[in-house]
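# Results of the structural survey
Spelled out, the chains give:
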Amino acid sequence: MTEFTDTFTEPRRKRDAASRFHTAAIIAIPLAAILFQVYVPQFIKYLSYLELPLLVTVYFSLMRRSPIAGVLFGAGIGLAQDSLSSHPLGMFGIVKTLVGYFAASMSQRFEVENSVVRLILAFFFCFFHQFFYWVLARALLGEGLDFDPQQTIVVSMLNAAVAVPLFHILDKLKVTG
Amino acid sequence: MEYLLNRYRTLSVLLLAILAQLVLLAYQVKSNGEVRLIRVWAVTAVTPLARAIESTRGAVSRFFSDYFVLLDVREENKRLKKELDRVNMDNQYLRSELDTADRAKSLAIFQSRSPSKTIAAHIIGNTTGSGAKTVIVDRGSASGVQKEMAVITPDGIVGKVVDVYPTASFVLLATDPSFAAGVISQKNRVHGTLKGQGGTKVIVDYVQNEENVEPGEWFYTSGDDGIFPKGLPAGEVTSVHPGKSKKEIILSPSGFQNGLEEVLIIIEGVHAPIPELPAPHQQIHVQPPPPPETSSAQPGGASGPPAATAPPAVPLSDADRILDRYRQLGIAEKHEWGVRGRGAPDFNLPLDAAKPAEAPKPKQNQ
Amino acid sequence: MLTPIETERQVPETPRQLRDDTRFALGRIVVFQYLAVAIFLLLISGFWILQVREHAANDELAERNRVKTVPLLAPRGKMLDRDGRVIVDNHLAWEVRLGRENLKPEHIDAIAAGLHLDPEEIRAKLRRFASRPSYVPITIKQELTPGELAFVEAHRDAQTFPELELIQHEGRLYPRNGLAAHVIGYVGEVSEQELDSPEFAKYSQGDMVGKFGLERQYNDTLIGIDGQKRVVVDSLGRERQVLDDVEPTPGHNLQLTLDLDLQAVAELGMEGRRGAVVALDPRSGEVLAMVSRPAFDPNLFATRIRADDWKNLTSDPGNPLLNRAIQAQLAPGSTFKPIVALAALESGAIDENYTVRCGGSAVWYGRVFKCWVKGAHGPMNVHTGLVHSCDVYFYNIGNKTGIDTIAEYAEMAGYGHKTGIDLPGEAEGVVPSTKWKLRNFREKWYAGETISVAIGQGALTVTPLQLAYAIGGLAMHGVWYRPHLVKGEDPGPPRRANLNPANVDRVLDGMYGVVNEAGGTGVSAAIPGIPICGKTGSAQRISNQLAKSVKATKEMKDNSWFVAFAPRQNPEIVVAVLWENAEHGNLSAPIARDVIKAYFDKKARQTMPKTQQMALFVH
C-alpha cells in the first residue's frame, strides 16, 4: 500500500483515490437496499420505481474506483436481487456486473465527488440498466416486454435525483484515513 | 506477457463474471431447470429479516394509529368511519364484525367461519424486477404450503402459490397476465375464466355472447380450475360488451380492494355454494356493493325468485325453432300428434291469435 | 462475493511516468478495453445464439416453445333445409391437446381429473401414438365446458402443466331432440383404424370426420381445409408475433331437400313411437322429410362420445342408431296390395271385373287363410278389395297371378333393390320368387307361400323408403326418380315402366277410396279439400331371423304401415309411415295426414303476401 501513498495524498490526484468502507457497511447497505425494494413498494407503490440496489452498486463502484471490485459488487447485488425475483438467476446479475464495471471505469475519468457528475452518472447508469435489462430479457429469455424510452428516462431522472442525496449520506460511511 | 495479463486483469474478471452468469442463465433456460438451492438460501435468509421489519412496522403503525386516535379522536373517527363504510360494503362476510375495523380480527373471524382450512400469512415483499406480479408471503413448506394453493382475503381471491420455500412462498397475483381461474356469475350462473391483464383489472374470458351478464354483477370462483374452492368472491363486473365471438367482460377484482397485507392460504379447500342473489348474512341490510353505473336491477327485497334457474343460453338452430313452433301450434289447437282426433291441425293458424283463446280468430286474408 | 478491502489494490500499477507521458496512449488503451468488451459481448451473443437458442432450435423441442404452430381448424359446412334454414350449425368450441415433448407422466392423473377424463384412457392413447413423432400433439378432449376451459387456462403455464395446449375450433351444433338425426348423422374423431385405411390417409389424429348419415356421405364436401399460423411466443406463453398465417378454408354448405316444416310435423307425429316416416316428392325424388324413431342426440357425438353414452345407445332395445327409414326391413303387409293388384291387372291374370266373395277365410293348399275382418266382406272387386283391404280377394288374385309375376312387378316398383338414396347403409329388402328361393335356400317354391306374399307377408320385406318410392312412382303412372337428400343433385334419369294407364288408375282409385270412401281402412287420413290416396297395412313382425322364434312373434304387436300420396292427379308428395308394434293398421294414417296437411298449408302460405307470411311464421 505504501507505494500509493503519494497518489493518495496528492490533491490533484484526488479523483484517482479509492474510498474505503467497513466490510459491515459493504454487506449491510446493499442488503438494506434490496430489502427496501422488496418490502417498501407494497405500501408506497411509487417507490417501486426506485432502484436502490442499482444506486448502491453505482455508488460503491464509483467510490471504490476499482473495476474488479465494481464487477464483483455488481454481480453480487444483482444475483441477490435475482434470487428474490421470479425470473431466471443472472439477469440482474449480468446487468449490474456491467454497471459496476463501467461505473468503476468512469470513476477514473471523472470527479466523482461532484454532485453534478454524480447526477449525470446516476441517470446514465439507470437508463443503461433498464435498457440493458430489456435487451437481455428479449434476447436471452424471449420475453417480449415493452420498452418505453420516455418512461425509462423519467424513471432514470427520478433515480438520479434520489442518488445525489443518497450518495451524500453514504459518503458519511466512508472510512477516512 | 505479464504486463498484458496485469493490464487486462480487470477485463478478465469482468468477462469471467459475465460468462459465469451467462452459463447460469443458459442452464436455466435450456433445461427449464431451477437453481433452487440459491433461491432457497436467499429467500430463507431474507424472510426472517423481512418478517421482523413487517412486524415492527405493524407494531409501529398500530402504535401511531392509536396515538393519533387519542390525539385527534374526532378526525380519526371520521376517517375510520369512512373506512369502515367502505370495508363494510366490500366485505360481505364481516359486516357485523367491523366495529373495530381491525383487519387482523376480521381475518381471524373469516378464517374460523370459512369451511376451508386456511392459514394466515403476511405479505413480506414484492418480487423484484418488472413483468410478473408476484408477492412474497411469510409462510412456506414448513407451514404446509404447497404449489398451486389458493391465496385469498375475506374480500376475494388474491392469487395462487407458484413457488414454495421453507419459510416463504411466492404468490402470483390474480392481476398477472399468466393467472387464470374458473369463475361463475352470481345471477345466471355463467361459467367463465378469469384472467389477469397486468393492470388493476381482470377479464372474464370464454363467455358466449348469448349469455347474460350485467355490469355490477358479481363473479365467484367456480371450483372448476382445481385451485380455488367454489364460492369465493372474485370480483364485480365493471363493464360488459359483446365481442366478436365471446363477451368482453371486465372485472374489478375484489381481493385487492383493501390493500394487501395479510392473506389466507387455503390448505384444504371446501367448495361452498355460490351465494344466492340476496347476499349471504341477510340479517344485515347491505346489498352487495352498488355498481358505479347502477344497473338498478334489483333494489333491496325486490329480488323475488332468484334467476338462477334460467336455462343455459345454448344457441338454437332454425330446426329447433321450427319444431318448437309446430309444437306450440299443436298445443294451441289441442292437437294430438299422430292421432285421428278432429283431423289435421291448421298449420297456418297465427300462433299469437290462437294462444289466448280456443276459438281462433285468424287474421283475415284476402 | 466481496473481496476484503484491505487486499484491494488500486488498478494502475504502471510506472507513473508512463501515465504522465502518454495520456494519449492511455486513452487509446481505454478505447481498446471498451472495444474488447464489445467484441466479447458480440462473441457471447454468438455463443448464445449458437449454443443455446440454435441448439434448441435443432432440438425441435425448445423451438416449439418459441415458435409455435397453432392450427386454425376449418369449420365444417353447414346443412340447410330446402329453404335455406339452418339444420346443422357450428359454434365456437375449444379442444385441448397434449404436447408430448413437455409431458410429464406424473401429471396425467391430475390433468385427467380436471378434464373429467379417465387417466387410463389418456395413457392408452399415448401408447397408441407412441410411434408418431413426439412434436405432434394429441387431442385428448374436444368441446371443453367452460369449467374445463378454466382448468386448462389455470394450469397451462410453464410451471404447472405446460403440456396442455388449447386450440379453438368450430364445434358441430345439431338440432335438439334428435330431429333428423339419422339423416344428418354425426361427426367423430377419426379412429385409429380409419387412419390406417387409404380413404382417411389425408387425416390425422384428432381430425373430425363424418361417421354416419349425410355427415359421412358428404364428408368431402362438408370438411374444410385447416389453416395454421406460426407464432412467436415468449416464455410466458403469450403470442408476440405472427410469423405466417394460412387461413382455414371453411367446408361447403350442404343444402338439403328436407323441408323443416314437414320434418318437424313428422317428428312430432312419431314422438314417443317407434318407427319411421319418409316423405318424397315423387316428381323429383327429393326427400322432404325422413324420420326414424327412437332417435339419438347427435350432439353427444359432436365431441368424442362418452363410453357410457355409447353403451346406452348400442344396448338400447329400441336400437336408436338404426335408421329405420332405410334400414328397417319388414313385411309391408297390406301396403303391398296395390302392387299385387297392378301385377294381376297388367299380367292379365284378372280383369277389372274380377270378383271374389269373401267369406272371412279361405283354404289354400290345405291350409286355412283368414281375412283380417271379423265376419266377411262379401263380394269384392279390385276397387273394393283395395278399399277394404280384403285379404281373401288378394289370396285369390295372388294365386292367379303367381309369385314370379308378383315379384317382377314388385321389383319394377323398386322393392328388393336399394333405391340409391345418398345415405350410407341402405337396406335392400327381400322380394321372394322361385329363383330367389332356389338361390338362397336351394328349395322349390311352394304355391302356399304365394298366398302369404299376396297380402305382403311371408318372406317379403321392404323399407319405409322403398314403400314411399314404390307408391310414389306408381302414383306417377310408372316413373321412379331416385330418392336423394341434397338439393341440386342430379337424380339421374328416372326409371320408367310401360304400364297401362287404365290399370294404374284402377289401383289408384282404389287407394283414393281407402281414404275417402265409407268403410275405407284409411279414412282417418282424409283432409277435406285435399284428394289423398293411401293404403294401410298391418304386418306381423316377421323378419327372417325372428320367424324362427315363434314365441317372440306372438308377443309382438303388429306393425302399422300407411302410405299416402296427394293430390290424386299429378301427385306432389308421397308419405310412408311405419309405426312398429302399433297393433292396428290404420293407426299410422293420421301421422301421414298431418305431414300432407303441413305440405299443403305451406303451399298455401307461400301464395300469401310476404308480410302475412312473416306474421305467420317467424323463423
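Now for a look at the structure at hand. For every chain, the first residue of its written sequence is number 1, and the numbers climb from 1 along that sequence. To read the labels, note that chains go from A and ligands from 1, taken in the order they are written. Two thresholds apply to this predicted model, a pLDDT of at least 70 for residue-level local features and 80 or more for giving and counting side-chain atom pairs, whereas whole-chain, interface and lining totals are computed over all residues. Side-chain numbers here rest on the full set of heavy atoms in the structure, without hydrogens or water.

## A closer look at empty space enclosed by the protein
Residues and elements named next belong to chain C. Note the cut-off: Cavity: a set of points on a 1 Å grid over the protein atoms alone where a 1.4 Å probe fits but cannot get out. Pocket: an open set with protein on both sides within 12 Å along at least five of seven lines, its lining residues, like those of a cavity, having an atom within 4 Å of a point. Grid points are joined across faces, edges and corners, and a volume is the space filled by probe spheres set on the points.
Enumeration over the complete set of coordinates arrives at 4 cavities of 30 Å³ or more. Approximately 60 Å³ is the volume attributed to the second largest cavity. Lining the second largest cavity are L280, D281, P282, G285, A468, Y469, G472, G473, V479, W480, Y481 and V574.

## Description of the sheet that holds strand β10 (residues 233-241) of chain B
Here is the rule: The pairing criterion is simple: DSSP has to find at least two bridges between the two strands. Counting from the N terminus, the helices are DSSP H or I runs at least four residues long and the strands are E runs at least two residues long. Angular values range over 0 to 180 degrees, each being the angle between N-to-C directions of two axes fitted as lines to C-alpha atoms, with helices fitted over their stretch in contact. Pairs of residues are marked as contacts when any of their non-hydrogen atoms sit within 4.5 Å.
Taken in spatial order, the 6 strands close into a barrel running β6-β7-β8-β11-β10-β9 (chain B), and their pairing is antiparallel. Going from strand to strand, the sheet's axes swing by 40 degrees on average, the running direction of each strand aside. Pairing between β10(B) and strand β11 (residues 248-253) of chain B: 6 bridges, direction antiparallel. What sits directly across from B:E236, in β11(B), is B:S252. Sheet strands touched by helix α6 (residues 146-155) of chain C: β6 (180-185) and β7 (191-196) of chain B. Its angle to β7(B), the strand with the most contacts, is close to 20 degrees.

## Considerations on the nonpolar core
Applicable threshold: Here, nonpolar core refers to any group of buried Ala, Val, Leu, Ile, Met, Phe, Trp, Tyr and Cys residues whose side-chain atoms link them within 4.5 Å. Only protein chains enter the accessibility calculation, which uses a 1.4 Å probe; a residue whose area is less than 20% of its type maximum is buried, one above 50% is exposed, and one in between is partly exposed. Here the limits of each domain have been adopted from an automatic or database domain assignment.
Counting residues in each nonpolar core, the largest one holds 146 residues, and the members touching the most others are C:M290, C:F336, C:Y393, C:Y415, C:I573, C:V575 and C:I596. In terms of domain composition, this core takes at least three residues from each of domain 1 (71-255) and domain 2 (260-309 + 323-607) of chain C. With near-sequence residues (within four places) excluded, C:I573 lies in contact with C:L262, C:A279, C:L280, C:P282, C:L288, C:A564, C:F565, C:A566, C:V595, C:I596, C:Y599 and C:F600. If you look at the next biggest cluster of nonpolar residues, it comprises 113 residues, including A:L62, B:V183, B:V190 and B:A234.

## Quick word on the pattern of salt bridges
Residue and element names in this part refer to chain B. Rule in force here: Whenever Lys or Arg places a side-chain nitrogen within 4 Å of a carboxyl oxygen from Asp or Glu, that contact is recorded as a salt bridge.
The full count for this structure, using the stated rule, is 43 salt bridges over all chains. When the shortest N-O distance is used, the salt bridge between K246 and D205 registers 3.2 Å. In this pair, K246 is assigned in the loop between β10 and β11 and D205 in strand β8 (residues 202-205), connecting sequence segments 41 residues apart. Classification of D205 by relative accessible area gives buried; the value is 11%.

## Here's the deal with the packing of helix α6 (residues 318-332) of chain B against helix α11 (residues 260-270) of chain C
Here is the rule we go by: The labels follow the angle: roughly parallel below 35 degrees, roughly antiparallel above 145, roughly perpendicular from 65 to 115, and oblique for the rest. Handedness of a crossing is defined here by the sense of rotation of the near helix relative to the far one, left-handed for an anticlockwise turn of less than a right angle and right-handed for a clockwise turn.
Relative to each other, α6(B) and α11(C) sit at 60 degrees, their axes nearing to 9 Å. When the interaxial angle is binned, α6(B) and α11(C) end up oblique. Here the hand of the crossing between α6(B) and α11(C) comes out right-handed. Along its contact with α6(B), which presents B:D318, B:A319, B:I322, B:L323, B:Y326 and B:R327, the element α11(C) presents C:L260, C:D261, C:A264, C:V265, C:E267 and C:L268.

## Details of the pairing of strand β21 (residues 573-579) of chain C
All names here are of chain C. Of all 7 residues that make up β21, 7 are buried, and the element is covered over most of its length. Neither face of β21 is exposed, since I573, V575, V577 and W579 on one face and V574, A576 and L578 on the opposite face are all buried. Where strand β11 (residues 275-281) and β21 come together, 6 bridges link them in antiparallel fashion. Pairing of V278 across the sheet is with A576, part of β21. Note that strand β20 (residues 559-566) and β21 share 7 bridges and pair antiparallel. Bridge pairing in β21 links A566 to I573.

## A short note on the interface of chain B and chain A
Heads up, the rule is: Using a 1.4 Å probe, buried area is obtained as the accessible area two parts lose upon being combined, added over both of them. Two N or O atoms count as a polar contact when they lie within 3.5 Å, although within protein this holds only if one can serve as hydrogen donor and the other as acceptor, and sequence-adjacent residues are included solely when both atoms are side-chain atoms.
Residue-level contacts link 39 residues of chain B with 35 residues of chain A. For the pairing of chain B and chain A, the buried interface totals around 3100 Å² over both sides, and the portion due to carbon and sulfur atoms is 71%. Across the contact surface, chain B and chain A share 0 salt bridges. In this structure, the connection of chain B to chain A is made through 2 residue pairs in polar contact (both at pLDDT 80 or more). If you list the elements that add at least two residues to the side of chain B that touches chain A, you get α2 (9-31), α3 (36-71), β1 (117-126) and β2 (134-137) of chain B. No other element matches α2(B), which puts 13 residues into the side of chain B that touches chain A.

## Points about the interface of chain C and chain B
Accessible area lost upon the coming together of the parts serves often as the stated size of an interface. Listed by partner, the interface residues are 67 residues for chain C and 63 residues for chain B. Taking both sides of the interface into account, the surface hidden between chain C and chain B amounts to around 5800 Å²; carbon and sulfur atoms contribute 63%. In this structure, the connection of chain C to chain B is made through 2 salt bridges. Connecting chain C to chain B are 19 residue pairs in polar contact (both at pLDDT 80 or more). Counting residues per element, the ones that place at least two in the side of chain C that touches chain B are α2 (23-58), β3 (86-98), α6, β5 (164-173), α11, α23 (589-607) and α24 (610-616) of chain C.

## A closer look at the side chain of C:S560
Mapped onto the fold, C:S560 is located in strand β20. Polar side-chain contacts of C:S560 include one of 2.8 Å to the side chain of C:S588.

## Quick notes on the sheet that holds β20(C)
The pairing of strands in a sheet comes from backbone hydrogen bonds and takes either a parallel or an antiparallel form. All names here are of chain C. Ordered in space as β12-β11-β21-β20-β19, the 5 strands form an open sheet in which the pairing is antiparallel. Each edge of the sheet is formed by a strand with only one pairing partner; in this case those strands are β12 (286-293) and β19 (533-539). Pairwise comparison of adjacent strand axes, ignoring direction, gives a mean angle of 5 degrees for this sheet. Taken strand by strand, α23 contacts β11, β12, β20 and β21, and its axis lies near 150 degrees from that of β21.

## Examining α23(C)
Test applied: Take the residue count of a helix, subtract one, and multiply by 1.5 Å to get its expected span.
Taking 1.5 Å per residue, 19 residues should reach 27 Å; α23(C) reaches 28 Å between its end C-alpha atoms and fits that length. For α23(C), the tally of buried residues reaches 15 of 19 residues, placing the bulk of the element in the interior.

## Quick word on the packing of helix α16 (residues 391-401) of chain C against helix α19 (residues 447-454) of chain C
Residue and element names in this part refer to chain C. Rules: Only Asp, Glu, Lys and Arg are considered charged, only Ala, Val, Leu, Ile, Met, Phe, Trp, Tyr, Cys and Pro nonpolar, and every remaining residue, Gly among them, polar.
Direction vectors running N to C along α16 and α19 enclose 130 degrees, while the axes themselves pass 8 Å from each other. Taken together, the axis directions place α16 and α19 in an arrangement best described as oblique. Between α16 and α19 the crossing geometry is right-handed. Contacts between α16 and α19 pair F394, Y395, G398 and N399 from the former with T450, I451 and A454 from the latter. A class-by-class count of the residues in the contact of α16 with α19 yields 4 nonpolar, 3 polar and no charged.

## Quick look at unusual backbone geometry
All names here are of chain C. Residues R293 and P294 are joined by a peptide bond in cis, for which omega reads -5 degrees. The residue P294 is located in the loop between β12 and α12 (307-315) in this model. Here A566 and P567 are connected by a cis peptide whose omega angle stands at -10 degrees. By secondary structure assignment, the location of P567 is in the loop between β20 and β21. Phi is positive for R442, which is not a glycine, with a value near 50 degrees. Inspection of the secondary structure assignment puts R442 in the loop between α18 (434-441) and α19. The exposure class assigned to R442 is exposed, which follows from its relative accessible area of 70%. The backbone of N570 shows a phi angle near 50 degrees, a positive value even though the residue is not glycine.

## So, the packing of aromatic side chains
Let me state the cut-off plainly: Centres within 6.5 Å make a pair out of two Phe, Tyr or Trp rings, where for Trp the six-membered ring is used; the pair is then stacked when the planes are under 30 degrees apart, edge-to-face when over 60, and tilted otherwise. Either the NZ atom of lysine or the CZ atom of arginine qualifies as a charge over a ring when it sits within 6 Å of the ring centre and within 35 degrees of the ring normal.
Using the criterion set out here, one finds 27 aromatic pairs over all chains in the structure. Judged by centre distance (4.7 Å) and plane angle (40 degrees), the ring pair of A:F60 and A:F73 falls under tilted. With a gap of 13 residues between them, A:F60 in helix α3 (residues 52-64) and A:F73 in helix α4 (residues 67-83) connect regions that are remote in the sequence. A:F73 matches A:F60 in its accessibility class, with the two residues each being buried. With centroids separated by 5.5 Å and ring planes inclined at 80 degrees, the aromatic side chains of C:Y393 and C:F394 adopt a geometry described as edge-to-face. Considered together, C:Y393 and C:F394 belong to a single accessibility category, that of buried residues. Site record: aromatic cluster; members linked through ring pairs are A:Y101, A:F102, A:F124, A:F125, A:F128 and A:F132. Note that C:R273 overlies the ring of C:W579, its terminal NZ or CZ placed 4.3 Å from the centroid.

## A closer look at a nonpolar patch on the surface
Heads up, the rule is: Within the patch definition used here, like charges are joined within 9 Å and nonpolar side chains (Val, Leu, Ile, Met, Phe, Trp, Tyr) within 5 Å, considering only residues with over 30% relative accessible area and no salt bridge. To be clear on the numbers: accessible area is Shrake-Rupley with a 1.4 Å probe, and residue cover counts the displayed protein chains and nothing else.
A cluster of nonpolar residues, A:I153, A:V154, A:M157 and A:L158, forms a patch on the protein surface that exposes about 350 Å² of accessible area. Mapped onto the secondary structure, A:L158 falls in helix α7 (residues 149-171).

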